[in-house]
Structure formats: structure tokens, C-alpha cells
Amino acid sequence: MARNAATRWTPSSLVSARERMWVVIPSEDEGVTLLRPVDGSEEDAIGVFDRLEPDTITEATYPCPEPDKSGDFRGALLLRDAVRLTLRAGAGPFRSVGRLSVIPRPYQYVPLIMALRMNPVRLLIADDVGVGKTIEAAMIARELLDRGIVRRIGVLCPPHLCEQWSGELSQKFGIETAVIQPARMGRLERGVPRPDIHVFEHYTHLVASIDYVKSDRHRDAFIRYAPDLIIVDEAHTAARPRGQNAARSQQQRHHLLRDLAEDPNRHILLATATPHSGVEEGFRSLIGLLNEDLDLPPDQNVPRRRLLPHLVQRRRSDLSNWLGETTPFPERDNQERTYLMSREYASLYESILRFCQETVSHADGRRLRVRYWAAIAILRCVLSSPAAAEATLGKRAERRRNQTSEQFAGEEEFASQILDADSDQDSPPDYAPTSVLDADEISLNAREIRRLEDFLKRARELKGPDRDAKLAETARAIDEMLSEGFRPIVYCRFIDTAKYVADQLQRMLEDKYPGLRAQSVTGGDGNDEQRREIVSELIKSPLRVLVATDCLSEGINLQEHFDAVLHYDLPWNPNRLEQREGRVDRYGQQKSRVKAVLLWGEDNAIDRAVLRVLIRKAREIRDRLGISISAPVESDAVIQAVIEDVFMQRGGYQLALGSDDDISDTRVSEYHDAVQNAAVRESRNRAYFAQRGIKPDQVQRELREMEPALGSASDILTFIQNAIQRFNGELRRADSDSVFDLYPGDLRDLVLSRSAGLRFPLRVSFDGVPRERVTQLGRNHPVVAALSDATLERALNGDDTMFARCGAITTSAVSRRAFALLLRLRYLIREGGGEQFAEEVVAAAFQRVRGQIKWLEPYQEIALKLLSDTTGRTQVARGEAAGHVNACLGMLTGDDWAKPVVEERLDALKASHERLRAELRGSRISVAFSGPPDIIGCWALIPSGEG
């Protein structure tokens, strides 16, 4: 019966409108009734203006199966899977699970539970590199959206991660975003309906380059129209910097987040594997965004109990076997390889070292500092590669011919070009540093200029494996990796080195490995999207080597396509080491072992110093404690100290190196002490902030109880196997037990209409472990959704016996006639003044005893057993089956025929919600049934001999 236009239809009601059946879903607009197709998705939802169309909506009842259209009994389980795989609004305590296309690991629910305890949500996710912080943050976002706690989400991340975030949210969580980057703004602005509406206001969900929106031009508008949930990835880059000379870009980032956090209703998630970054003040500024009372001066202790609700920080070793479920993190095989410079290369190095020492010794004051930085720039480039040396010296010669020079820019700028920035700063520029050689203050005389030109000529003659022993040793190492089946990344410091190494490796190895492709990707290859395209083309080659600079060392996921790292140039900051290796050593890596090779020169004084003082200490701590810590800020000062010792030929860093015990500089000792103290602190923190107070067994119980209603990975596999053949397709086992080739058959056009980029046969898997060139089929993947929808459509049309909604068999599984039903139950869940629609699919079986329904318990277990048991089973002819189905439907009358099943499900759902509510210490929740149940299918089982 139609309601008065002034009265809204109750959410979860079944209605008819515009010649279609709908279910009413909650609406925030008093004048609009929101409708979702009862057998469709929310993407097809519509809104009806009650005052304009007062008689459009009428009450409806879901159509029962037609007895004379019975068919294949095996289609019962197929139909059950199709219906439950179309469900998105699950009735369990985790409201968002039905919308996920990824299967979260059990440990990834812990941050979600923490978030649901808070209002507003203010959380720092600081789990180790590679455990899935993106998934954890996106799960929280999806859950808050589905609970109606937030309406819009925004992700702030480094520019090179925008596409990755947008793709993850879309493909795995069903959240479509507008990507806010300079190159995209024109197109986004054209999509805004009116000029008075801002881009940041118009688009519901945003993924934005933090460096774009932090600028003076955009920050005020972004703050004004910012979403109510903000996720900040690589949050350490937005910590408050130290000192007056701190990078302006980082100051702007922090000021942006600080202003966003001033809104007491805004939800904020921070994600970073390095929350400290070696700077305690920076860490406190981050937690101060979550709770301003925690932003205390460094000399005051942060109350750990007050911080505990805001921080989760776990080691991979804590998670590798959590709740009895193994997460296959790879083991890292650390190795070192050495080389000795060729006679010609050593001669050039010694000549340049003497030149640098002389130029510095004859200078003072401002001129001394410029010459000092120029000397370090030349030394680092010549030790990197002949190509980098040529780039630096050649650019100097070109500018001298053009009579151009530059003013001294300051030591901070030169340091950022030559050293490796701390991980909480911008990534270091990967171009060869040349400006320092052209500053007016360097004042080179004619003889010094001639010597530089001689160095340039000699550097050009060193290219190739005959005179470049570093390159030759790299080729041997890559040869070994390729022969062992590895797909390596070679990390270089400078653009020119990366291009040189890629070209040389291609020439040296392509004869032995036909089809090999070695490709460089650097900061000189355009923007982030262009670099991503280069990588996308490279991974099409089964035999491949990626040669990259640190533009691909942080945040980017490469584990599906690469599984080894070789450090061609040792990083001068140990934080870079972990960032590089973390690209392949993370969850989703198919190899059980990844290889990480440090390449260093035995007769290279700087390499040896960096290795001994910085890198080995970091690796020692990682091997001993199972954690990677951020190097203290003193690492920059230490690297300058050891380089000065090399440069000035002091102490144990002379060219003729002594033993490692010669390292005795006070600054080095103090640095090692600081690293050790940081390691101890981090180890204690991770033990404390691992959130062991959350009862994981309770979480696991809820996940197990949700599985029958929503379907597991194995259920999806079974459904695809059973359904695809009915559409003349095939799921054919490929090269392993868990990988298949899918041929879509008659569904090809339907699938392509939903995802045009797919190519068939499509190589797929279902177990949740990412594999190269293999598509994971989760419940919301276009292939699964298309097959579910097509199966359900065929069943509802009732004209195909292979997709029948009813049927009958004779079987020895029963001693008297029984009936199995497939029911869809709808609920209205109320919490904290809000309400959400939810639904689930339930199987139940009954027998007729003394004219009454006697339900067989446990309901789901018995019904599914009867539907799947093939013991002595024989299909009953359609005419006879119709009589049995009619008998079944004839008993399903009145309002309470399903009362025992409904009450059992209500009790189970309420108990589940209450258990989680107790765990969350949140407000009470109510679950109300909206009947009657939809009878999706009805099947009769007749004892053998009675058919």
C-alpha cells in the first residue's frame, strides 16, 4: 500500500516503481526516497521526489519460483552463490566486507577496530614496510562510509603515489576518486557544472598530491572544502621540520595538516612506516595532529597510555602467523659484492682526489665552503660512473665556454643536491650536481680549469666493462640473478649513471638472454605517470632488468614484478637502503626469498666508510631485532665527517685503507650510540603499540560467521567453475594448482562492457596472493559481478532449465520428503541515531510433520548438505517436480512461516554486533528484520523409491 507523500517509506521495504522492483535504502534527504534494484547494485540506485511523484512507489512482494519452470537441481548452489556474491550491504558487524574486492589478512582488521573505537577517528598506522598500510587505511575509509560516519574521503600523498592510491581504492574498495594533480586540473574543472563550485567541493572523493594542495594558491580552498576523512600517506614527510633553515616544502605540508586537524569533527588517518624518521620532535608533531596534548617538548615524556589509542605499530615477525593464518612475507637474502677499480679508473680517482685536496687547501672563508662542496660533487660522481663524471665535468666546460656562472646558493642547497636527504625530506634530486662547480665563489684559475678538462677526457675513455670494474661486476651479479630466475632492480644515485648502466647491461647480456630488456627509469623521464608507463612496458618482458634512481624508492609497489635489488651506488643515508629494498620485500611478493646485494669498491675509501659506519649498522639492527629504524638526524653530519676524513686523508679513512677498527671518530661513536638507543626505543614501542589488548580470537569469530553469508575465495572459485560452463565458457587450470585461464564464452561482451581493458583468456587466481600477470578475482571484480548478475537474470527470467529457481530429485539422503529453501533476509541496522540497510542469504530446510513446518537444525548446515549431497540422486521430471514445489510453496503462507529461521539469524546477528560493540566499547546497536523473506529458490528432495 502506498504511503502518504509526506511519509517516507521505511528503509529495507520492498517496493515497485517504474515497472521494476526495488528495495528502499536510507536517504538523508527528507523529500527523496532512495531506491536500489532488489537484484541489482547501488550504482543503479535512483531517487524519487516524493512530492513530485506521490503515487509512483507501491508496496511489492518478491515473486516466488514458478513450479512449472523447474530444472537442474545442481543449479541450487549456483543460484545461492550468485545471490550472495551480489550482496554488498552485509548484515555482520563489519559493514563493508561485502564491498571489498580484496581479502584482508586477519591482522589488518586491528586498525579498523581501533578506528571504530574513536570519534573522531584520529589514528597513526605505523606498521612495518610491506604489511599493507594502504589496505588497512582503505578498509577504515570504506567502513566509515558504509556506516554513514563520513560522506567524503580525501587522500593526501606524494605526487608519484596518486595513481597508485586511486587505483587501489577503485579496484579493491569500490571508491572512485578524482585525482588532484596539475596535469589533471583542466579536465576536472571542465567536469564541474557551474563556475561558482570549486573542484575540491564538487568531487566526492579525492586523491590529491600533497605538494599541489599545500601551495599558497590552493591550500585555503582545499581546507575550506576538504573531505571529512583525510588519509595522509608517507606522513613522515609532513612532520614539523627542525630549525629555521628547514625545507619550506615540509613546513607547508605540516601547516596544511595542522590546519585540517583544527576541525574537531574531521577524521584523520596517518600512514607511515617511519613515524620517527630519526627526529623525536617530528614524531611528536605527527601525534599532535591526532591529539594536540601529545605534542610535547622533547624534554617531556609522552604518556604512552594516552598515545596507545592513536597508534598501531607492528613488526612483520608479529604478523607472519597471526590467528593461525600464515602471511607469506618473503625472507631477505642480504649479500655483498666487491670490486677493485681498474688501473685507469684508480688513476683518475687519485688525480681528482689530489686536485680536490689542493683546491680546498688554497682557499678560505666562503670560497673554501664552495670548493669543498664542489670537490664532494666531483668525487661522488666519478665514483658513481664515468657517465656521471662526464655529466658533471662536461656541464662545467659547457658553461665556461658560454661564460655563465651562478651565485653561491648556500650550503643547504648544495647538500640537498649531493647528499641523500633524510627520509622525512623530499627525495634527493637524481641529476648530477653541476651548479656548485659554476658558482662565482669557486674562482678556478686557468690551470685548474685545464685539469678539469683533462679529467673530462679521461672519464669518457673509461666507459664499458674493460675499464669500469664496477660495471663489469654488476653484469656478473645480474647474470647470476637472471640465471636463478630473479627479476632485479638496480638502484643508482644519478640519472646519467642509470642510463649508462641500463645501456651497458643490455649490450653485455642480450646475447646470453634473448629477449632481455634492461630499462632505466629516472627523474628525467617526465612525470610520475610517464615513469609508470615505462615500467608498465618493461614488465611485459619476461626477462627484464629495471635500472632506477631513488625516484622509485619510496611508496611504490613493485613486488609483483621484481624480486631482487642491487645497490649500484651505496646510499649515503641508511634510510634509503630500506626504502629501496622495501619495494620488493613486502606482502604480495610471490618469491619466498628476495635478494638484496650491496656493491662496493674495496679500494674506494668512501664506499668503505659509508658501508662500515652507516649501512652495516642498520643491517645489523634489522637482522637482530627484526625492525628497520630511521637513522637519527645526525647521519648527515656523520657522512660529512667521514667524507672529510677521506678528503683530507686523515685517520683511518686514507686512500690506503686500514682495518675497520681504525674508525674511531667521536662523531661516529656518538652516532652508533644514537642508532642503538633508537633501536631499543623502537623495539619497546612496537611491543607496546602492537595493540595486543584487542582480542584477535573474537575478530576471527566474526569473520568466520560472515563467510557463509558473503562467500570466501574458495566459494568464488567454485561458483566460477560451475557457472562459466553454463555460458559456454571454461575455467582451465594453468601452470599451477591455484592459477587458471578463464574463457568467458557468451559473457565476453558483458564482461568487456564493465572492464574494457581485459584480454582473454584471462589468467586468474582466487587465493589472494598477488602474482605477475595474474588477475585476482574477488567478489567485486567485473568478471565475478558479470557472471553473478547474468546467472541471477537467467534464473529470474525462468526460461532456462540450467538456471532454474526450483526443482526436485529423488535421493537416499532423506528418509521422508524434505524441502530446501534459499532465502534473502533484509534488515535495518540502527546505531547512534543513524540507520543502514543490510541483507543476507540464508539456506534452510524443513519437512512437513502433522501438517506443520518442522525446520531442520542447524538450519544452514543441514540445508547446504542436502543441496550438495549427490548420494543416489536422480532428477525428477518437470511435471512431477511441479507438484512437489507447489506443495512446498503452499506451506509458506502467513506472516510467520519463517519465524524460527528469522529469529535464529536475528539472535546470531545481535550477538555478533554486541560482541564487537563490547570490544569497541561503543554505543548499542539494534538489528530489525524487514519481512517477509524473499524466496529465491525452492527444491524438493524425495526419498528414493517414492519418486
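Residues numbered from 1 in each chain as written. Predicted model: local features only at pLDDT ≥ 70, side-chain atom pairs only at ≥ 80, totals over all residues. Heavy atoms only, no water.

Caption draft 1: Expanded view of the overall build of the protein chain. Helices and strands together make up the secondary structure of the protein chain, namely 31 helices and 30 strands. Within the protein chain, buried positions represent 59% of all 947 residues. Contacts in the protein chain between residues far apart in sequence, at least 24 positions, make up 75% of those at least 6 positions apart. When the accessible area of the protein chain is evaluated, it comes to approximately 38,100 Å², of which 45% is carbon and sulfur surface. (Helix = DSSP H or I, 4+ residues; strand = E, 2+ residues; numbered from the N terminus. Buried < 20%, exposed > 50% of the residue type's maximum accessible area, 1.4 Å probe, protein only. Contact = heavy atoms within 4.5 Å. Areas by Shrake-Rupley, 256 points an atom, 1.4 Å probe, with all protein chains shown as cover.)

Caption draft 2: Geometry of the pattern of salt bridges. All told, the structure shown has 58 salt bridges when counted by the stated rule. One salt bridge in this structure joins D72 and R726, with 3.2 Å as the shortest N-O distance. Taken together, the positions of D72 in the loop between β5 (58-59) and α1 (75-86) and R726 in the loop between α26 (713-724) and β21 (730-736) put the pair 654 residues apart, joining distant regions of the chain. Side by side, D72 and R726 carry an identical accessibility label, which is buried. In this structure, the salt-bridge partner of E581 is R332, at a minimum N-O distance of 2.5 Å. Here the residue E581 occupies a position in helix α21 (residues 574-581), and R332 occupies one in strand β15 (residues 331-339), the gap between them amounting to 249 residues. As far as the burial class goes, E581 and R332 line up, both buried. Connected via shared salt-bridge partners are R316, R332, E578, E581, D585 and R619. (Salt bridge = Lys/Arg side-chain N within 4 Å of Asp/Glu carboxyl O.)

Caption draft 3: Region of interest: the side chain of D569. Relative to the helices and strands, D569 resides in the loop between β19 (564-567) and α21. D569 gets classed as buried once you look at its relative accessible area, which sits at 6%. A polar atom in the side chain of D569 sits 2.9 Å from the side chain of S384. Leaving out residues up to four positions away in the same chain, D569 has contacts with L383, S384, K470, Y491, C492, R493, F494, T497 and R580. (Polar contact = N/O pair within 3.5 Å; in protein donor to acceptor, adjacent residues only side chain to side chain.)

Caption draft 4: Just the confidence of the model for the protein chain, in detail. Looking at the protein chain as a whole, the pLDDT averages 86, with 89% of positions reaching at least 70. Low pLDDT (under 50) marks residues 650-664, which in the prediction has 32 contacts with non-local residues, meaning those over four places away or in another chain. (pLDDT = per-residue confidence, 0-100.)

Caption draft 5: Spotlight on the nonpolar core. Counting residues in each nonpolar core, the largest one holds 82 residues, and the members touching the most others are I478, V490, L505, V545, V547, L566 and Y568. With residues up to four places along the chain from it excluded, the contact list for Y568 reads S384, D468, K470, L471, T474, V490, Y491, C492, T497, Y500, V501 and L599. In terms of nonpolar packing, the next biggest core, distinct from the first, is built from 60 residues, I153, I231, C551 and V565 among them. (Core = buried A, V, L, I, M, F, W, Y, C linked by side-chain atoms within 4.5 Å.)

Caption draft 6: Representation of the sheet that holds strand β16 (residues 488-491) in the model. With respect to topology, 6 strands assemble into an open sheet ordered β15-β20-β19-β16-β18-β17, the strand pairing being parallel. The open sheet has two free edges, formed respectively by β15 and β17 (517-521), since each of these has just one partner strand. On average, adjacent strands in this sheet sit at an angle of 20° to one another, irrespective of strand direction. Pairing between β16 and strand β18 (residues 544-548): 3 bridges, direction parallel. Opposite Y491, over in β18, you have A548 as the bridge partner. Of the strands in this sheet, β15, β16, β18, β19 and β20 (593-601) are in contact with helix α18 (residues 469-483), which crosses β15 at around 150°. Each of β17 and β18 touches helix α20 (residues 528-538); the most contacted strand, β17, lies at about 170° to it. (Pairing = 2+ DSSP bridges. Axes fitted to C-alpha atoms, helices over the stretch in contact; angles between N-to-C directions.)

Caption draft 7: Region of the structure containing the sheet that holds strand β26 (residues 818-831). Taking strand neighbours across the sheet as the criterion, the 6 strands line up as β28-β27-β26-β30-β25-β29 in an open arrangement whose pairing is mixed. Two strands lie at the open edges of the sheet, namely β28 (852-855) and β29 (874-875), each paired on one side alone. As paired elements, β26 and strand β27 (residues 834-849) share 13 bridges and run antiparallel to each other. Bridged to Y827 within β27 is A838. Sitting on the sheet, helix α29 (residues 859-868) touches β26, β27, β28 and β30 (925-943), and the angle it makes with β27 is about 60°. Seen against the sheet, helix α30 (residues 878-891) touches β25 (806-811), β26, β27, β28 and β30 and runs at an angle of roughly 150° to β30.

Caption draft 8: Quick look at the state of the cysteines. Enumeration over the complete set of coordinates arrives at 0 disulfides. C162 takes part in no disulfide bond, and the closest cysteine sulfur to it belongs to C157, at a distance of 3.8 Å. Note on C162: relative accessible area 0%, which makes it buried. (Disulfide = S-S within 2.5 Å.)

Caption draft 9: Region of interest: the packing of helix α13 (residues 343-361) against helix α14 (residues 365-384). At a closest axis distance of 9 Å, the pairing of α13 and α14 adopts a crossing angle of 175°. As judged from the angle between their axes, α13 and α14 are roughly antiparallel. Residues Y345, L348, Y349, I352, L353, C356, T359 and V360 of α13 form the contact with α14, whose participating residues are L368, R371, Y372, A375, I378, L379, V382 and L383. Within the contact of α13 with α14, the residues separate by chemical class into 14 nonpolar, 1 polar and 1 charged. (Parallel < 35°, antiparallel > 145°, perpendicular 65-115°, else oblique. Nonpolar A, V, L, I, M, F, W, Y, C, P; charged D, E, K, R; others polar.)

Caption draft 10: Summary view of helix α9 (residues 248-261). For α9, with 14 residues, the first-to-last C-alpha span of 20 Å sits near the 20 Å given by 1.5 Å per residue. With respect to burial, α9 is a largely interior element, 10 of its 14 residues being buried. Burial in α9 covers these residues: S249, Q250, Q252, R253, H254, L256, L257, D259, L260 and A261. (Expected span 1.5 Å × (residues − 1).)

Caption draft 11: Just the environment of T359, in detail. You can see T359 is positioned in helix α13. Taking relative accessible area as the criterion, T359 reaches 6% and is therefore assigned buried. When the C-alpha atoms of T359 and S443 are compared, they prove to be 9.9 Å apart, with 84 residues separating the residues in sequence. When residues no more than four places from it in sequence are discounted, the contact partners of T359 are R371 and E448.

Caption draft 12: Local environment of the side chain of R531. Following the sequence through the fold, R531 ends up in helix α20. Accessibility expressed as a relative area gives 11% for R531, which makes it buried. Among the polar contacts listed, one links the side chain of R531 to the backbone oxygen of G526, at a separation of 2.7 Å. Once you skip the residues sitting within four places of it in the chain, R531 turns out to touch V521, T522, G523, D525, G526 and C551.

Caption draft 13: Broad picture of the pairing of β20. Counting buried positions along β20 gives 8 out of 9 residues, so the element sits mostly inside the fold. Here β19 pairs with β20 via 4 bridges, running parallel. Note on β20: the bridge partner recorded for H567 is L598. Handedness of the crossover joining β19 and β20 through α21 is recorded here as right-handed. (Right-handed = clockwise from strand over helix to strand, strands pointing away.)

Caption draft 14: Fine view of the packing of aromatic side chains. Tallied over the entire structure, the rule returns 10 aromatic pairs. The interplanar angle of 70° and the centroid separation of 5.3 Å between the aromatic rings of Y372 and W373 together place this pair among those described as edge-to-face. The same class applies to Y372 as to W373, namely buried. Taking the centre distance of 5.9 Å and the plane angle of 70° together, the rings of F740 and F766 count as edge-to-face. Remark: F766 occurs in the loop between β23 (762-765) and β24 (775-776) and F740 occurs in strand β22 (residues 739-743); sequence separation between them is 26 residues. Across the pair, exposure class does not vary: F740 and F766 are buried alike. (Phe/Tyr/Trp six-rings, centres within 6.5 Å; stacked < 30°, edge-to-face > 60°.)

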